[in-house]
Amino acid sequence: MVMVFPFLTGALAICYGILGKRPACFALWLLTLGLFAGWACQHLDGPLPLAL
Amino acid sequence: MALFLQNPGHGSRQLNALSLFLVCASLIFSLVWQGLAAGYACPMCGLQRVALMLSGVGLLLNIRLGPSPLHYAMTISASLGGAAISGWLALRPADLGARLLLGLHLYSWAFLVFAGLVAFSLLMLALDRRWGDNALKRPVSLPGAAVMVLFLVAALASAAGASLDCGVTACFKQLAFALR
């Protein structure tokens, strides 16, 4: 999975945030959150060592 | 609660700027620490940095546009995601070779930072509700502007660190493969 892509979209969201453009910033933030979730799903595949 | 009644939003934005500065310090420190300790960042460590960056975007919008429940919700949701990753790492069998910072692993510190961000945002949501939601740009003080620029630099440094981990061309080859 790409490791750099969420950082780039996140940095772009920060740029729009600094410019005060909330819709664009929020859209890029959502995209980064989606990439974060996808990345997490790919790596959180091992069983948790919990005895319930 | 009339904590910010005299000058609505002003004290709140200062507190948000301070929090964003702490987020920047955490981002830069984790990058330096992992570079020194392991020479590379594990995928989960990169994920924690992404979550930290996403949490900071809500704080940045609070500084730039004024406090809003939406911005605090952005910070809380990203922090919960980051806390989930840190908690998952903490529940795995301990890596005996890992370097400790003041007796704790870095992911334990990350969990505390995310928990602190959630607590801060919840507190501010409770105390700061007079300000309301507004997307009008507001003049930012010099320290606030400096913190926002520092946050952008920290995010770009994190991106550079991630590209050094997998190599720039390898990263884009993986992207092309993932999109196929």
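Conventions and cut-offs
Residues numbered from 1 in each chain as written. Chains lettered and ligands numbered in written order. Predicted model: local features only at pLDDT ≥ 70, side-chain atom pairs only at ≥ 80, totals over all residues. Helix = DSSP H or I, 4+ residues; strand = E, 2+ residues; numbered from the N terminus. Buried ≥ 20, exposed ≤ 12 C-beta atoms within 10 Å, placed from the backbone. Contact = placed C-beta atoms within 7 Å. Expected span 1.5 Å × (residues − 1). Nonpolar A, V, L, I, M, F, W, Y, C, P; charged D, E, K, R; others polar. Axes fitted to C-alpha atoms, helices over the stretch in contact; angles between N-to-C directions. Parallel < 35°, antiparallel > 145°, perpendicular 65-115°, else oblique. Left-handed = near helix turned anticlockwise from the far one by under 90°. Core = buried A, V, L, I, M, F, W, Y, C linked by C-beta atoms within 7 Å. pLDDT = per-residue confidence, 0-100.

Looking at the overall build of chain A
- Along its length, chain A carries two helices and zero strands.
- Split into buried and exposed, the 52 residues of chain A put 44% on the buried side.

Comments concerning the overall build of chain B
- In terms of helices and strands, chain B carries six helices and zero strands.
- Here chain B holds 180 residues, and the buried ones make up 43% of them.
- Partitioning the intrachain contacts of chain B with sequence separation of at least 6 by distance along the chain shows that 83% fall at a separation of at least 24.

Side note on helix α1 (residues 5-19) of chain A
Residues and elements named next belong to chain A.
- With 15 residues, α1 extends 21 Å from end C-alpha to end C-alpha; this agrees with the ideal 21 Å at 1.5 Å per step.
- Every buried residue of α1 is listed here: Phe-5, Pro-6, Phe-7, Thr-9, Gly-10, Ala-11, Ala-13, Ile-14, Tyr-16 and Gly-17.
- Note on α1: the residue one or two positions beyond its end, Gly-20, has a positive phi of about 85°.

Observations concerning the interface of chain B and chain A
- Taken together, the 38 residues of chain B in the interface contact 29 residues of chain A.
- When residues in the side of chain B that touches chain A are grouped by element, the largest group, 13 residues, is from helix α2 (residues 43-65) of chain B.
- Looking at the side of chain B that touches chain A, its residues break down into 29 nonpolar, five polar and four charged.

Section: the packing of α1(A) against helix α2 (residues 22-43) of chain A
Residue and element names in this part refer to chain A.
- As a packed pair, α1 and α2 sit with axes 8 Å apart at the nearest point and diverge in direction by 160°. Viewed along their axes, α1 and α2 adopt a mutual orientation that is roughly antiparallel. Helix-helix and strand crossings are classified by hand; for α1 and α2 the assignment is left-handed. Facing α1, whose interface residues are Phe-5, Pro-6, Thr-9, Gly-10, Leu-12, Ala-13, Tyr-16 and Gly-17, α2 presents Ala-24, Cys-25, Leu-28, Trp-29, Leu-31, Thr-32, Leu-35, Phe-36 and Trp-39.
- Tallied by class, the residues present in the contact of α1 with α2 amount to 13 nonpolar, four polar and no charged.

A word on the nonpolar core
- Core analysis: the biggest nonpolar cluster contains 57 residues, and Trp29(A), Leu20(B), Leu54(B), Val57(B), Leu60(B) and Phe151(B) have the highest contact counts within it.
- Elements supplying a minimum of two residues to this core: α1 and α2 of chain A together with α1 (10-37), α2, α3 (69-91), α4 (106-127) and α5 (142-166) of chain B.
- Here the element with the most residues in this core is α2(B); it accounts for twelve residues.

Observations regarding the environment of Ser19(B)
Residue and element names in this part refer to chain B.
- Note on placement: Ser-19 falls in helix α1.
- Owing to 23 C-beta atoms within 10 Å, Ser-19 belongs among the buried residues under this scheme.
- It is 8.0 Å that separates the C-alpha atoms of Ser-19 and Leu-117, two residues lying 98 residues apart in sequence.
- Each residue touching Ser-19, except ones within four places of it in the same chain, is listed here: Leu-59 and Phe-120.

Side note on the confidence of the model for chain B
All names here are of chain B.
- Residues of chain B with pLDDT of at least 70 account for 74%, and the chain-wide mean is 79.
- Between the elements of chain B, mean pLDDT differs from a low of 55, seen in helix α6 (residues 168-179), to a high of 90, seen in α4.
- For this predicted complex, the interface score ipTM comes out at 0.84, while the overall pTM is 0.81.

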